[in-house]
Amino acid sequence: MKTAIIAMAMSVLGFSAQAQQTTRKNAKTVVLVHGAWSDASAWDAVAPLLKAQGDEVITVNLAGHGKDTTSFAGITLQTYVDQVKAAIGTRTNVVLVGHSFAGLVISQVAEEIPSQIKKLIYLAAALPHDGDSLLGLAKGDPASHIGKFLTVDKEHGAAIIAKEGVADIFAADAPQQVQEYIAATIKAEPLVPLATPVQLTDKNFGSIRKVYIHTENDHAISYPAQQYMVKNSKVDNVYTLQSSHTPFISMPDKLAAILIAESK
């Protein structure tokens, strides 16, 4: 999703990101990772609110998304993991936030560099166990609407969402203009990362504190599926937003407030 989506949403919703600048001691780095069929601009209304709290905020644009033209043939789950690790660099005390599919990405990052990660925050995200893939988890979510509109193009290694299903799946609570824009501009998703299982251990991934933000009116990863994943995992704090799959569009202020509280 492009920056224009956020700008349009903010205009239509009358949202104003007016946050008083403050500086906190022991400021953390908050790293935001977008989900499938999206890009880093998804965070455009949220990132400024986090930065206003004095934290460093990094948004990662995964290969093959947004304006990035990397060939799908060269993109793996490890490609994404390495991108996030590169963005983190030598930083420690990192709060790592993953939306949707990025729940698997941030989980694998935490497995590989656990000493640098302070907390994992899952936003309407896949919360995996060792050996899980997104496609595998999706099979256990019959309430998701993705299956009705998904086409898998194995020849080109792409997963495609039909335009007529985009608004319903991702942004049912967004203004119509925003829904139409997303449907008109959505791109195919690299297939290989979606089918790749994560490799996680209790020693590394299991040692990191975890937070889950439910999206109760979600048609991509359904609320029951989200609840099931949380119930079967060790999660320290749980929040619920009355939103679709994309609260960073419909309620960026409420989402930012949770992220701010959890990054203290």
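Further up the page is the structure itself.
Since this is a predicted model, take the numbers as computed values, not measurements. (Residues numbered from 1 in each chain as written. Predicted model: local features only at pLDDT ≥ 70, side-chain atom pairs only at ≥ 80, totals over all residues. Heavy atoms only, no water.)

Visitor: So what about the sheet that holds strand β5 (residues 150-153)? Which residues, and what values?
Guide: Overall, antiparallel pairing links the 3 strands, which are arranged β5-β6-β7 in an open sheet. Two strands bound the open sheet, and with one partner strand each, they are β5 and β7 (189-190). When β5 meets strand β6 (residues 158-161), the two strands line up antiparallel, connected through 4 bridges. Looking at β6, one finds that Leu150 is bridged to Ile161. (Pairing = 2+ DSSP bridges. Helix = DSSP H or I, 4+ residues; strand = E, 2+ residues; numbered from the N terminus.)

Visitor: How would you sum up the layout of surface pockets? Please name residues and give values.
Guide: Taken as a whole, the largest pocket holds about 510 Å³ of empty space. As for the largest pocket, its lining consists of 29 residues, of which Leu134, Leu137, Ala138, Asp141 and Ile221 are closest to the centre. Of all the elements in the fold, those that place two or more residues in the lining of the largest pocket are α5 (134-138), α6 (146-149) and α10 (223-231). If you tally residues by element for the lining of the largest pocket, the top one is α5, at 4 residues. (1 Å grid on protein atoms, 1.4 Å probe; cavity = no way out; pocket = protein on both sides within 12 Å on 5 of 7 lines; lining within 4 Å. Points joined across faces, edges and corners; volume = space filled by probe spheres on them.)

Visitor: Account for the packing of aromatic side chains, naming residues and giving values.
Guide: If you walk through the whole model with that rule in mind, you get 4 aromatic pairs. Relative to Tyr212, the ring of Tyr122 has its centre 6.4 Å away and its plane inclined at 5 degrees; by these criteria the two rings are stacked. Residue Tyr122 is located in strand β4 (residues 117-123), and its partner Tyr212 is located in strand β8 (residues 209-215); the two are separated by 90 residues in the primary sequence. Note on Tyr122: relative accessible area 0%, which makes it buried. Positioned over the ring face of Phe205 is Lys210, at 4.2 Å from the centre of the ring. (Phe/Tyr/Trp six-rings, centres within 6.5 Å; stacked < 30°, edge-to-face > 60°. Buried < 20%, exposed > 50% of the residue type's maximum accessible area, 1.4 Å probe, protein only. Lys NZ or Arg CZ within 6 Å of the ring centre and 35° of its normal.)

Visitor: Explain helix α7 (residues 163-170) residue by residue, including any values.
Guide: Buried within α7 are the following residues: Gly165, Val166, Ala167, Ile169 and Phe170. Where α7 is buried, its residues meet α6, β6 and α8 (176-185). (Contact = heavy atoms within 4.5 Å.)

Visitor: An account of the side chain of Gln108 is requested, with residue identities and associated values reported.
Guide: Note that Gln108 resides in helix α4 (residues 102-112). Looking at Gln108, the relative accessible area reads 8%, which means it is buried. Those residues within four positions of Gln108 in sequence are excluded, and the remaining contacts are Val81, Val198, Gln199 and Leu200.

Visitor: Tell me what's going on with unusual backbone geometry, and back it up with residues and numbers.
Guide: Phi is positive for Trp37, which is not a glycine, with a value near 55 degrees. Tracing the chain through its elements places Trp37 in the loop between β1 (29-33) and α2 (47-51). Accessibility expressed as a relative area gives 10% for Trp37, which makes it buried. Backbone geometry at Ser100 places phi at a positive 60 degrees, although glycine is not the residue there. Here Ser100 lies in the loop between β3 (94-99) and α4. Judged by its relative accessible area of 11%, Ser100 is buried.

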